[in-house]
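The chain contents come next:
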Amino acid sequence: MKTIVVTGGSRGIGLAIAQKFWDESYEVFCLSRFEHPSKENWKYVKCDIRDKKQVEEFAKHLHSKQKKVDTIINNAGIAGSNSLDVDSGDELWYDIIATNLHGPYHVCKALLPLLAHGGSIINITSVLAHTGVPDQTAYCAAKHGLMGFTKALAKNLAEKKITVNAIAPGWVETEMSQKRMDELQLSKSDLCEMVPLKRFINGEEIAQMAYYLAGPNSRGITGQSFVIDGGFLS
Ligand code: NDP
């Protein structure tokens with residue numbers, strides 16, 4: 001049985017990814033900050049990816065069970081508005097960078113010794129890994145950083161035949177996007193008007209791409225970003 005580790009598999013995009021791989025008979029480990037009920041071959045582990053020690057403890061646990069990891073999905077992330085011309089303090093900047101950039105680094109570093117030869121790392125970035133939005137300074141910095149990490153790590157791990165790619169979603173209906181819509185005081189249909197295909201992306205569409213990137217037919221693809229955004233960036 002193959003094994004996948006998904007950060008932030010408790011809801012939203014991460015949950016859709018965990019579901020897809022579980023349906024495809026993977027053993028699934030989901031890391032998130034809070035407890036969630038586990039089921040057969042789908043385990044939730046309370047692990048805050050901002051904390052290197054907690055991630056290392058998780059890696060030790062897998063090692064003690066003699067598990068190999070086939071796929072890592074760095075999905076967990078947070079967002080928030082932090083324009084520099086508004087006096088909003090520094091806390092959000094550090095928290096977004098810690099979660100969205102340091103988190104994937106901690107996970108890749110700790111799990112690398114367990115990653116199977118020919119395995120895959122998939123980083124969930126965003127369209128904001130490719131463009132800027134005025135009040136999303138930390139989020140854009142972290143997601144651009146995660147894309148840079150993806151490219152460098154792809155070359156770093158190529159010798160082990162481990163592929164490293166990014167999926168960059170546009171709007172997906174989740175708690176995160178709902179919070180953003182509330183902030184912007186815009187509805188889903190307002191936002192769809194800004195998307196050429198006039199719709200949001202489903203978590204399942206992201207999961208399908210992740211499954212492809214983890215599978216045997218994508219072994220020649222590494223260091224790339226797959227934008228799934230209904231044409232927003234085009
Ligand atoms: P949600 O807010 O719905 O879910 C975020 C997940 O991350 C939760 O499972 C949460 O679990 C987990 N998480 C947050 N912080 C931590 C942490 N420190 N350690 C471990 N887990 C954590 O977000 P989405 O599903 O919308 O987003 C998933 C990814 O997709 C993010 O990286 C986001 O930036 C990206 N994305 C989302 C888009 C969208 O429109 N929704 C668009 C583009 C990119 P818990 O609370 O239990 O810790």
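Residues numbered from 1 in each chain as written. Predicted model: local features only at pLDDT ≥ 70, side-chain atom pairs only at ≥ 80, totals over all residues. Heavy atoms only, no water.

An account of helix 1 (residues 12–23) is requested, with residue identities and associated values reported.
Within an α-helix, residues lying three or four positions from one another point in the same direction, as the helix has 3.6 residues per turn. Here helix 1 spans 17 Å end to end across twelve residues, near enough to the 16 Å set by a 1.5 Å rise per residue. Here helix 1 has its buried residues at Ile13, Gly14, Ala16, Ile17, Ala18, Lys20 and Phe21. Backbone geometry just after helix 1 places serine 25 at a positive phi near 70°. (Helix = DSSP H or I, 4+ residues; strand = E, 2+ residues; numbered from the N terminus. Expected span 1.5 Å × (residues − 1). Buried < 20%, exposed > 50% of the residue type's maximum accessible area, 1.4 Å probe, protein only.)

Describe the site of the ligand, and please don't skip the residues or the numbers.
Of all residues adjacent to the ligand, which total 32 residues, the nearest are Ser10, Arg33, Asn75, Tyr139 and Thr174. Between the ligand and the protein, one listed contact pairs an oxygen atom with a side-chain N or O atom of arginine 11 at 3.1 Å. With the chains in place, 97% of the 890 Å² that the ligand exposes on its own is no longer accessible. When contributions to the shell around the ligand are tallied by element, the ones reaching two or more residues are helix 1, strand 2 (27–32), helix 4 (137–156) and helix 5 (175–184). (Near = heavy atom within 4 Å. Polar contact = N/O pair within 3.5 Å; in protein donor to acceptor, adjacent residues only side chain to side chain. Areas by Shrake-Rupley, 256 points an atom, 1.4 Å probe, with all protein chains shown as cover.)

I'd love a proper account of the packing of helix 2 (residues 52–64) against helix 3 (residues 91–111), names of residues and values included.
At their nearest, the axes of helix 2 and helix 3 sit 9 Å apart, and the two run at 30° to each other. Between helix 2 and helix 3, the interaxial angle falls into the category roughly parallel. Crossing of helix 2 over helix 3 shows right-handed handedness. Residue-level inspection shows Lys52, Val55, Glu56, Phe58, Ala59 and Leu62 of helix 2 in contact with helix 3, the latter providing His106, Val107, Ala110 and Leu111. Residue composition of the contact of helix 2 with helix 3, grouped by class: seven nonpolar, one polar and two charged. (Axes fitted to C-alpha atoms, helices over the stretch in contact; angles between N-to-C directions. Parallel < 35°, antiparallel > 145°, perpendicular 65-115°, else oblique. Left-handed = near helix turned anticlockwise from the far one by under 90°. Contact = heavy atoms within 4.5 Å. Nonpolar A, V, L, I, M, F, W, Y, C, P; charged D, E, K, R; others polar.)

Just give me the short version of the packing of aromatic side chains, but keep the residues and values in it.
The geometry of an aromatic ring pair comes down to the distance between the two centres and the angle between the two planes. Tallied over the entire structure, the rule returns seven aromatic pairs. On the basis of an interplanar angle of 85° and a centroid distance of 4.9 Å, the ring pair of phenylalanine 21 and tyrosine 26 is categorised as edge-to-face. When the ring of phenylalanine 21 is compared with that of tyrosine 211, the centres are 5.3 Å apart and the planes differ by 70°; the resulting orientation is edge-to-face. Here the residue phenylalanine 21 occupies a position in helix 1, and tyrosine 211 occupies one in helix 7 (residues 203–214), the gap between them amounting to 190 residues. Pairwise contacts between aromatic rings join Phe21, Tyr26 and Tyr211 into one cluster. Across the ring face of tyrosine 211, the terminal group of lysine 20 is positioned such that the distance to the ring centre comes to 4.8 Å. (Phe/Tyr/Trp six-rings, centres within 6.5 Å; stacked < 30°, edge-to-face > 60°. Lys NZ or Arg CZ within 6 Å of the ring centre and 35° of its normal.)

How would you summarise the side chain of serine 32 if you had to cite specific residues and measurements?
Along the chain, serine 32 falls in strand 2. Judged by its relative accessible area of 8%, serine 32 is buried. Setting aside residues up to four positions removed in sequence, serine 32 forms contacts with Ser10, Tyr44, Val45, Lys46 and Cys47.

How would you explain the sheet that holds strand 3 (residues 42–46) if you had to name every residue and give the values?
The pairing of strands in a sheet happens through backbone hydrogen bonds and is either parallel or antiparallel. Taken in spatial order, the seven strands line up as 3-2-1-4-5-6-7 in an open sheet, and their pairing is parallel. In the strand order of this sheet, the two ends are held by strand 3 and strand 7 (225–228), each with one partner. For this sheet, the mean angle separating the axes of adjacent strands, direction not counted, is 20°. By the bridge criterion, five bridges tie strand 5 (residues 115–124) to strand 6 (residues 163–169) in an arrangement that is parallel. By the bridge assignment, isoleucine 124 is partnered in strand 6 with isoleucine 167. Taken strand by strand, helix 1 contacts strand 1 (3–7), strand 2, strand 3, strand 4 (69–74), strand 5 and strand 6, and its axis lies near 145° from that of strand 3. (Pairing = 2+ DSSP bridges.)

Provide a residue-level description of the pairing of strand 2, including the pertinent values.
Both faces of the sheet carry side chains from a regular strand, because those side chains alternate between them. Judged by how many residues are buried, strand 2 sits mostly within the fold: six of six residues are covered. Burial along strand 2 is two-sided: the residues Glu27, Phe29 and Leu31 and Val28, Cys30 and Ser32 are all buried. Relative to strand 3, strand 2 runs parallel, the two being bridged by five bridges. Within strand 3, the position partnered with valine 28 by the bridge is tryptophan 42.

Can you lay out the packing of helix 1 against helix 7 for me, pointing to particular residues and giving the numbers?
Orientation of helix 1 relative to helix 7, taken along the N-to-C sense of each, is 50°, at an axis distance of 8 Å. Overall, the two elements helix 1 and helix 7 adopt an arrangement that is oblique. Relative to helix 7, helix 1 is oriented so that their crossing is right-handed. On helix 7, the residues that touch Ile13, Ala16, Ile17, Lys20 and Phe21 of helix 1 are Gly203, Glu204, Ile206, Ala207, Gln208, Ala210, Tyr211 and Ala214. Considered class by class, the residues forming the contact of helix 1 with helix 7 number nine nonpolar, two polar and two charged.

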